Structures are given as structure tokens and as C-alpha cells.
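Each chain, letter by letter, is given below.
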Amino acid sequence: MLPAASPRQPLRVHDLVHPVIAGLVSVIVNYGGTFVLVLQAASVAGLSPQLTASWVWSLSIGVGVTGLLLSWRLRAPIITAWSTPAAAFLVTALATTPYAEAIGAYLVSALGFVVLGLSGGFERLIRLIPPGVAAGLLAGILLQFGSRAFAGLNVDPWLAGLLIAAYVLLKRFTARYAVLGILLLGLAFLLARGRVDMSAVTAQLASPVFTMPVFTLNALLSVGLPLFLITLTGQYMPGMLVLRNDGFRTSANPIVAVTGLGSLLMAPFGAHGFNIAAITAAIATGREAHEDPAKRWIAGVAAGIGYIVVGIFGVTLAALFTALPPTFIATLAGLALLGTIGGSLATALADARTREAALITFLAAAANITLLGIGGAFWGLVIGLAAHALLHGRLQRQLPAVAARGTVTPVEKANA
């Protein structure tokens, strides 16, 4: 059962602009930046165009509906997404695993998240993470995305330079419209230069295709278990820390349970699983989305609607986002995340007593270590927690956002 939502507040037109843009930017960044991995995995698996379209449909509709409902009910910007590290893992795993057996593994992994969410174990784990470590982890994860905004100058100096210069100028004169401004300016620049090929984009509806799952021990151990662990450590954990870092005390339990249930329902149609977003969530949870934290839930609803629209038209509309130049996606994402990166660093280094542990966490996460098939977010957290425990003797049991600031936001009051 979902916890009680915060009281409804009247919305005015200007309350909608910024969170809606933040939600749509997160959708564009997700499809333009990582969705190619899903298409690549489908190609490796030898899926037909119909099965590939069904995979796109199931992910997009599932992500859209769960994000929309959670954001609306919890009154928090719950941005959901497919598991990017899991999609990267499937690029190799599906080469040797029959598709029907992979579907069975998806179902078992999704069931694991339903049980985890209903048991409340994940929420208790999140509460053990000290505020400095949490903020340092988030800053380290996002650092590579911020740096890519400027690395684009090496690849596409005109496009990246235009976006960076426009962002700085807009922040100077009309900070609230900076992200919207560079989004529109960048699209106009690309269209004027003929760099977006619209010829392959058609309004063709997607049709879900049901695949009867096959359950085998081999697929469970080689696909289901790694899929569960990769999604847990690479998506759910940093995703919840993004929310906490921006002052949202929303319980992880309903988020894990609802996204797990959605994944369970959509798995027979191809969805490998969806979850709370991490990187793209940060675009919608900070001040760039809205000055008032209590209005940022609108970004989650807008993102959900965007995903549903893409899902209805399947691969054809998703191909539009993947056709955008990588430099545009990387620069847009990096600039949109600057505020969150700066705020996370400020929180991580604010307390002199825990500064060193937070800095170790930041550097370890930024290094993006990959061991045993598990990504950098997990190892950055492990190293940071070990450093904090060795330096201070024990882990502090407190909520990161409140402990770090010493104040309570309107959202925290509403959800208390």
C-alpha cells in the first residue's frame, strides 16, 4: 500500500513550465543516450522487428505508467527508467541465452524486487548510509556526465560551444529558462544544419507480442541473478540517493514494489526490467525543475506521459531520439546536471569531520570501477562506507538529506 500523499496544492501555468521541461529533457536524454543498448541487445538476440517493437513498447509503457502513478501518488519526482547497466549486460548475455529463457529470468528478477519492496529491507539499507557518503557518491556518479558536456568541444565544437555559451548567458539573465533555452536552440541548430534525419520516422503503432516464458536453472543463474544484482546496485541504490540528496524522504518500499510489479507484468512482452532512474532523475529532482520542491512531482508526471507517447509508436519514434547527435545529448545532459553536481559536492564537503570519507567516496565513484561485472556506483559506495567506518568507527543511522542540511524542506514536512 502506498503511503499517504502530501496535500494537493493549486497549480498555475507558470508552475508547469519548468518541471514539464525537466521531465521531457530526462526522456530525451534516456532515449538518446542509452536506448541504443536495448536495440543492440535485440539485434544480438536475433529478434524480429515485431519482437523488438514489443520490447520497446513494454519498456516505454511500463516506465511511463509506473513513473506517472508514483509521482502523482507520492507527490515527488519519481523518474523511472529501464536499467541501463542491465541492458549493457544483456548485449552479451542474450547472445547465448534463448529468448524465451531470458523472459523467464526477467520474471524471476522482477519478482525479487516485488518481495524486496514489500519486505521493507531496501529502505532500511538506504537509511544506514551517512549523508556525506551519499552526497559524495552522487557527485562522483554525475561527474562523468558533467565533464562530457565540455568533452564535446573536441568532437563537435560548434554545437557544444553554442550550447555551453547559451547556457552561461541564459543563467546570467534568465536562469529559470536556461535548460529550456539550450534545448530549443540546440534542436533549431541541428534542424537548420540538416543534422536530424526525419525520413525514417513514421507514425506506426507498436503491437505487443506475448512470449511464453521458459524457466531454466542456467538462465536463472546466468541472466536472472546478475540482472537483479546489477539493477539493485546500479539503479535503485543511486536512484534513491538522488531523491534523498534533494530533500525527498519518500520511502523506497512502494517505489521498489511498484516498479518490480510493473516489470513482472511487462516481462512476457520483452521488458527486461525498469526501476527508479539515477542520472536522468537528477535532472528533475533539483532546483532546475522548480524552485519549490513541492512542485517537482510534475516532472515525474510529464516524463511518464512522454514515455507512454513514445511507447505507443514503438521503435519508430524511439529512433528519432537515437538519431540525435551524441554530442547534443551529452552536452544537454551535462549542463542540466550542473546544479545537482554542485549541490552534491557542497553537501559532501560541508562537514569537515566527515569530509575525507565523502571525498574518498566521490573519487571512487568518479573512477567508475568495474569488478565482477558490477559497476562503479556499487564499488564507490562500498569504498566510501568502508572509509567512513574506519575513520569514524561506525555508520550513522540518519536520513542523508536532513542530516546534511540541518533543515527540513516543505516536501519533508508534507511527507513526515
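Residues numbered from 1 in each chain as written. Predicted model: local features only at pLDDT ≥ 70, side-chain atom pairs only at ≥ 80, totals over all residues. Heavy atoms only, no water.

Q: Just checking my understanding: could you explain helix H16 (residues 355-366) for this structure?
A: Side chains of residues three or four places apart in an α-helix project in the same direction, reflecting 3.6 residues per turn. Given a rise of 1.5 Å per residue, 12 residues ought to cover 16 Å, and the 16 Å separating the end C-alpha atoms of H16 matches this to within 8%. Buried within H16 we find Ala357, Ala358, Thr361, Phe362, Ala364 and Ala365. Phi turns positive, to about 55°, at Asn368, one or two residues after H16. (Helix = DSSP H or I, 4+ residues; strand = E, 2+ residues; numbered from the N terminus. Expected span 1.5 Å × (residues − 1). Buried < 20%, exposed > 50% of the residue type's maximum accessible area, 1.4 Å probe, protein only.)

Q: Help me understand the packing of helix H6 (residues 131-155) against helix H15 (residues 338-350), please; the structure alone is not making it clear to me.
A: When two helices pack together, their arrangement is given by the angle between the helix axes and the distance between those axes. Axis separation between H6 and H15 bottoms out at 8 Å; the angle between their running directions is 150°. In this structure, H6 crosses over H15, and the sense of that crossing is left-handed. Touching Gly132, Ala135, Gly136, Leu138, Ala139, Leu142 and Gly146 of H6 are Thr340, Ile341, Ser344, Leu345, Thr347 and Ala348, all from H15. By residue class, the composition of the contact of H6 with H15 is 7 nonpolar, 6 polar and no charged. (Axes fitted to C-alpha atoms, helices over the stretch in contact; angles between N-to-C directions. Left-handed = near helix turned anticlockwise from the far one by under 90°. Contact = heavy atoms within 4.5 Å. Nonpolar A, V, L, I, M, F, W, Y, C, P; charged D, E, K, R; others polar.)

Q: Got a minute to help me understand the environment of Leu190 in this structure?
A: Among the secondary structure elements, Leu190 is positioned in helix H8 (residues 178-192). A relative accessible area of 0% means that Leu190 is categorised as buried. Between the alpha carbons of Leu190 and Leu159 there is a distance of 8.3 Å; along the sequence they are 31 residues apart. Leaving out residues up to four positions away in the same chain, Leu190 has contacts with Leu159, Arg195, Val196, Leu324, Pro325 and Phe328.

Q: Explain the nonpolar core to me, please; I cannot follow it from the model alone.
A: Across soluble globular proteins, nonpolar side chains have a tendency to be buried as a group. Core analysis: the biggest nonpolar cluster contains 109 residues, and Trp55, Leu90, Tyr106, Phe122 and Phe328 have the highest contact counts within it. Per-element tally for this core: the top contributor is helix H9 (residues 217-245), with 12 residues. For Leu90, the contacting residues outside a window of four places in its chain are Ala41, Trp55, Tyr106, Val223 and His272. (Core = buried A, V, L, I, M, F, W, Y, C linked by side-chain atoms within 4.5 Å.)

Q: Whenever I open this one, the pattern of salt bridges confuses me. Can you help?
A: Oppositely charged side chains may form a pair once their charged atoms are brought near each other. Under the criterion given, the structure shown has 3 salt bridges. With a shortest N-O distance of 3.0 Å, Arg244 and Glu123 are connected by a salt bridge. Of the two residues, Arg244 sits in helix H9 while Glu123 sits in helix H5 (residues 121-127), which places them 121 residues apart along the sequence. Accessibility assignment for this pair places Arg244 and Glu123 in one class, buried. The partner of Asp156 in a salt bridge is Arg195, with the nearest N and O atoms 2.5 Å apart. Placement of Asp156 in the loop between H6 and helix H7 (157-174) and of Arg195 in the loop between H8 and H9 is noted, with a sequence separation of 39 residues between them. (Salt bridge = Lys/Arg side-chain N within 4 Å of Asp/Glu carboxyl O.)

Q: Even after reading the chapter, I still don't get the packing of aromatic side chains, so can you show me in this structure?
A: For any pair of aromatic rings, the description rests on two quantities: the centre-to-centre distance and the angle between the ring planes. Applying the stated criterion across every chain, the model contains 7 aromatic pairs. Seen from their ring centres, Trp72 and Trp297 are 5.6 Å apart, and the 80° between their planes marks the pair as edge-to-face. Of this pair, Trp72 sits in helix H2 (residues 49-74) while Trp297 sits in helix H12 (residues 297-313), and the two are 225 residues apart along the sequence. Its relative accessible area of 43% is what places Trp72 among the partly exposed residues. An aromatic cluster is present here, built from Phe113, Phe122, Phe228 and Tyr236 joined pairwise through their rings. Looking at Arg75, its charged tip hangs above the ring of Trp72, at a distance of 4.6 Å from the centre. Positioned over the ring face of Phe173 is Arg172, at 5.1 Å from the centre of the ring. (Phe/Tyr/Trp six-rings, centres within 6.5 Å; stacked < 30°, edge-to-face > 60°. Lys NZ or Arg CZ within 6 Å of the ring centre and 35° of its normal.)

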